[in-house]
Amino acid sequence: MFTTTRAGAAMAIAAMLCVQLGLAASVGLFDQVGPQGAAWLRLSWAGVLLLLLVRPRASAFTRSSLVACVLLGVVTAGLTMLFMAAVDRLPLGTASALEFLGPLSVAVVRGRGGSKVWPVLAALGVLLLTEPWHGGVDPIGVAFALGAAACWAAYILLTQRVGDELSGVKGLAVSMPVAGLTATVIAGPSVFGHLTWHVLLLGLGLAILLPVVPFMLEMLALRRLTTAAFGTLMCLEPAIALVVGFVALGQVPGLAPVIGLAFVVAAGMGAERHGGRSLDGDVATACADPTSIRPKPAADGTASRR
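Fair warning: this is a prediction, and the values are worked out from it, not measured in the lab. (Residues numbered from 1 in each chain as written. Predicted model: local features only at pLDDT ≥ 70, side-chain atom pairs only at ≥ 80, totals over all residues. Heavy atoms only, no water.)

Draft legend 1. Expanded view of the overall build of the chain. Scanning the chain from N- to C-terminus turns up 12 helices and 2 strands. For the chain, the succession of helices and strands along the chain, N to C, is α-α-α-α-α-α-α-α-α-α-α-α-β-β. Counting every position in the chain, which comprises 306 residues, the buried fraction comes to 54%. Sequence separation of 24 or more characterises 85% of the internal contacts of the chain that already satisfy a separation of 6 or more. Accessible surface, the chain: about 12600 Å² in total, of which carbon and sulfur atoms supply 71%. (Helix = DSSP H or I, 4+ residues; strand = E, 2+ residues; numbered from the N terminus. Buried < 20%, exposed > 50% of the residue type's maximum accessible area, 1.4 Å probe, protein only. Contact = heavy atoms within 4.5 Å. Areas by Shrake-Rupley, 256 points an atom, 1.4 Å probe, with all protein chains shown as cover.)

Have a look at this one:
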């Protein structure tokens, strides 16, 4: 049992590392296609790959589940594109911590008690992360990150709905192509003229790194961990983002942002303990990555975030 738990934890951490490395690698495309173009490449390739791998059948969907999948895809596109725009203006750790306010808000709102302290702790963390008294943080970048947080909150709610109605990865095979099409409408016209085979191949590699590989790792991890344990681990992601930003992008944080990020992570862990959703004996965490929200063991119509 201990070995299984340890393996599941390692897979969850590896998934988070893939997410943040994928985001850091995406920054390298900004000069060629911009943040929106980088997001479009990832979403489009991920949608194509999942369509080819899963090949969903129309008969597997009801009208309600199909609408939920489409809405989830639109929100996925908003989440990804807003976050990439935030990363273009903010350090990766700061953007990730601000975005994390989305699932934290869902956990607090749905909490079953003892949750009043977590919004206060998170608010203090955000103040320390952004240090408004210095005026050094880009307010537009903060707005993009908060927009991504709102999309992540909506993503969680839609993910739960899709997971209630579909089994396996059928929902993912619809939502990701929809996300790719949405991103194409928004960013495609401005990116097409800058595309080369080199850029297209880089986009394919990034799509595999994020979201395809993390999603698979999270599926494997959730077979070995409870959703509560998985959710607590996922609350560490802003801290992993800080480390990846430092190592891969040379983004050196000050003391106040480090403390602020610790506050946000602590608030996430605390809210996760009280923010679960009980259904058929299973507790689905709202603080976790959206792939962890499984009302039933077989319900998994989700995509890895961003």
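Draft legend 2. Expanded view of the environment of alanine 179. If you trace the backbone, alanine 179 turns up in helix 8 (residues 170-191). For the pair alanine 179 and leucine 43, spaced 136 residues apart in the sequence, the C-alpha separation amounts to 6.3 Å. Apart from the residues within four sequence positions on either side, alanine 179 is in contact with Leu43, Gly73, Thr76 and Ala77.

Draft legend 3. Broad picture of unusual backbone geometry. With an omega of 20°, the peptide bond between leucine 210 and proline 211 qualifies as cis. With respect to the helices, strands and loops of the structure, proline 211 is situated in helix 9 (residues 197-222). With a phi angle near 50°, arginine 55 is a residue other than glycine that sits in the positive phi range. Summarising the element assignment, arginine 55 is placed in the loop between helix 2 (30-54) and helix 3 (63-87). For arginine 55, a relative accessible area of 65% gives the class exposed.

Keep in mind that these numbers describe shape and distance, not what the molecule does.
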